[in-house]
Amino acid sequence: EVSRFLVTRGLWLVLIEFTVVRLGWSFDIHFNYFVAQVIFAIGVSMVALSTIVHLPRGAIAAIGLAMIAGHNALDGIKAEQLGAAAPLWNLLHQPGLFDIAPGVKFFVLYPLIPWIGVMAAGYALGPVFTQGCAMRVQQLFALGAVVTLGFVVLRAINLYGDPVPWAIQDNVLATVLSFINCEKYPPSLLYLGMTLGPALMLVAAFEWVRGPVADWIATFGRVPFFYYVVHIFLLHALAIVFAWATIGDIGWLFGPLAGHKPTTYGLPLAGIYAVWLAVVVALYPLCRWFAGIKRRRTAWWWSYL
């Protein structure tokens, strides 16, 4: 039953990536350019997971951790060295652009190997959440601390785990930024350690958080897929309005990857954060409404939304 759900939900997400999500990013109805992004990676990772859920939990964890820890050993293999197999390597490990038909291009932004590993490791971790509260918090925090410490040590020695080593810079802040400037496409071992380790500790820390603010935030967690899709359309629309009001040129905001951004367009970092917060607040009523619908409806297909 779990395997069947993972296959159908995974394929559904891939379909949504190349239709609804694609439209939100591009506002373009000409299907001549496809981008494999985060929803694609989650969907394909679910399909891959569906084939290994029949294995023992330990085997699933071992597969996931091996993919996470070992994929950087493949960094030396480049797609351009593989001839006709280059597109397959783009899908698995190295971001890249290739043709899938005359006049139709496919850009892989989220290669699959490490993300399938993260999905498998997360599935293997699942039983921890069925334990008692105290034991769950203890295990999650300890695991997060070990992963975070492992990131710090491995990053400090600059031997493995990320394609670009860090280096001492002119000041402390720049040095810290160099230290945490890890590769996301695909996510290196160190990038995943730097993000998943603290995230596990935060999950443990939030176990006892209650109150209006926690309830407000949890609303988004109840409808993450819905929020993700809607926020793309809203942000793209706001970008068009902002471009029209500030530079009078909006044509570049229609089409794959939003064309070439004019040098005069943009906001300072504080403005970016303000827009982000405004969009989150603006979408709260809609997310709360949809969360209420999902809570009241019991049909099987609501689990796909």
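In this text the structure is predicted, and so the values were computed from the model without any measurement.

A.B. asks: Please set out the pairing of strand S2 (residues 96-101) residue by residue, giving values where relevant.
C.D. replies: Here S2 pairs with strand S3 (residues 104-108) via five bridges, running antiparallel. Pairing of Gly96 across the sheet is with Val108, part of S3. Between S2 and S3, which pair antiparallel and follow one another directly, the connecting turn spans two residues, one of which, Gly103, has a positive phi of 80 degrees.

A.B. asks: Requested: an account of unusual backbone geometry, with residues and values cited.
C.D. replies: Going from Tyr185 to Pro186, the amide bond is cis rather than trans, its omega being -5 degrees. Tracing the chain through its elements places Pro186 in the loop between helix H7 (172-180) and helix H8 (189-205). A positive phi angle is found at Phe27, which is not glycine, with a value near 50 degrees. With respect to the helices and strands, the residue Phe27 is situated in the loop between helix H1 (2-26) and strand S1 (33-36).

A.B. asks: Hey, could you go over the packing of aromatic side chains for me, with residue numbers and the actual values?
C.D. replies: In the structure shown here, the tally under the stated rule is 25 aromatic pairs. Relative to Tyr227, the ring of Phe220 has its centre 5.4 Å away and its plane inclined at 80 degrees; by these criteria the two rings are edge-to-face. The residues Phe220 and Tyr227 share a single accessibility class, namely buried. Lying over the aromatic face of Phe34, Arg22 brings its terminal NZ or CZ to 5.6 Å of the ring centre.

A.B. asks: If you had to explain the packing of helix H6 (residues 133-157) against H8 to someone new, which residues and values would you point to?
C.D. replies: Two elements in contact, H6 and H8, have axes whose closest approach is 7 Å; the angle formed by their N-to-C orientations is 155 degrees. Of the possible angle classes, the one that applies to H6 and H8 is roughly antiparallel. Between H6 and H8 lies a crossing whose hand is left-handed. Listed contacts from H8 to Val137, Leu140, Phe141, Leu143, Gly144, Ala145, Val147, Thr148, Phe151, Leu154 and Arg155 of H6 are Leu189, Leu190, Gly193, Met194, Gly197, Pro198, Leu200, Met201, Val203 and Ala204. Across the contact of H6 with H8, the residue classes break down as 16 nonpolar, four polar and one charged.

A.B. asks: An account of the packing of helix H10 (residues 224-246) against helix H11 (residues 269-296) is requested, with residue identities and associated values reported.
C.D. replies: One way to put it is that H10 packs onto H11 with a least axis distance of 10 Å and a crossing angle of 135 degrees. One way to sum up the angle between H10 and H11 is to call them oblique. H10 and H11 meet at a crossing whose hand is right-handed. Two secondary-structure elements touch here, H10 through Phe226, Tyr227, Val230, His231, Leu234, Leu235 and Leu238 and H11 through Val275, Val279, Val280, Leu283, Leu286, Cys287 and Phe290. When grouped by side-chain class, the residues that make up the contact of H10 with H11 number 13 nonpolar, one polar and no charged.

A.B. asks: Which residues make up the nonpolar core, and what values go with them?
C.D. replies: Grouped together as the largest cluster of nonpolar side chains are 28 residues, with contacts concentrated most on Phe18, Phe40, Phe106, Trp115, Phe151, Cys182 and Leu192. Taken together, the elements giving at least two residues each to this core come down to H1, S1, helix H2 (38-52), S3, helix H5 (113-125) and H8. Among the elements that make up this core, the one with the highest residue count is H8 (five residues). Discounting chain neighbours no more than four positions away, the residues touching Phe40 are Val14, Glu17, Phe18, Leu91 and Leu112. Counting residues in each nonpolar core, the second largest holds 16 residues, with Ile16, Ala120, Ala124 and Tyr228 among its members.

A.B. asks: I'd like to hear about the environment of Arg222, residue by residue, with values.
C.D. replies: With respect to the secondary-structure elements, Arg222 resides in helix H9 (residues 212-222). For Arg222, a relative accessible area of 49% puts it in the partly exposed group. It is 42 Å that separates the C-alpha atoms of Arg222 and Ile168, two residues lying 54 residues apart in sequence. Contact partners of Arg222, with chain neighbours within four places excluded, come to Asp215, Ala291 and Lys294.

A.B. asks: Please give an account of the side chain of Ser45 that cites residues and values.
C.D. replies: Along the chain, Ser45 turns up in helix H2. What makes Ser45 buried here is its relative accessible area of 1%. When near neighbours in sequence (up to four residues on either side) are disregarded, Ser45 contacts Trp115, Ile116 and Met119.

What counts and how
Residues numbered from 1 in each chain as written. Predicted model: local features only at pLDDT ≥ 70, side-chain atom pairs only at ≥ 80, totals over all residues. Heavy atoms only, no water. Pairing = 2+ DSSP bridges. Helix = DSSP H or I, 4+ residues; strand = E, 2+ residues; numbered from the N terminus. Phe/Tyr/Trp six-rings, centres within 6.5 Å; stacked < 30°, edge-to-face > 60°. Buried < 20%, exposed > 50% of the residue type's maximum accessible area, 1.4 Å probe, protein only. Lys NZ or Arg CZ within 6 Å of the ring centre and 35° of its normal. Axes fitted to C-alpha atoms, helices over the stretch in contact; angles between N-to-C directions. Parallel < 35°, antiparallel > 145°, perpendicular 65-115°, else oblique. Left-handed = near helix turned anticlockwise from the far one by under 90°. Contact = heavy atoms within 4.5 Å. Nonpolar A, V, L, I, M, F, W, Y, C, P; charged D, E, K, R; others polar. Core = buried A, V, L, I, M, F, W, Y, C linked by side-chain atoms within 4.5 Å.

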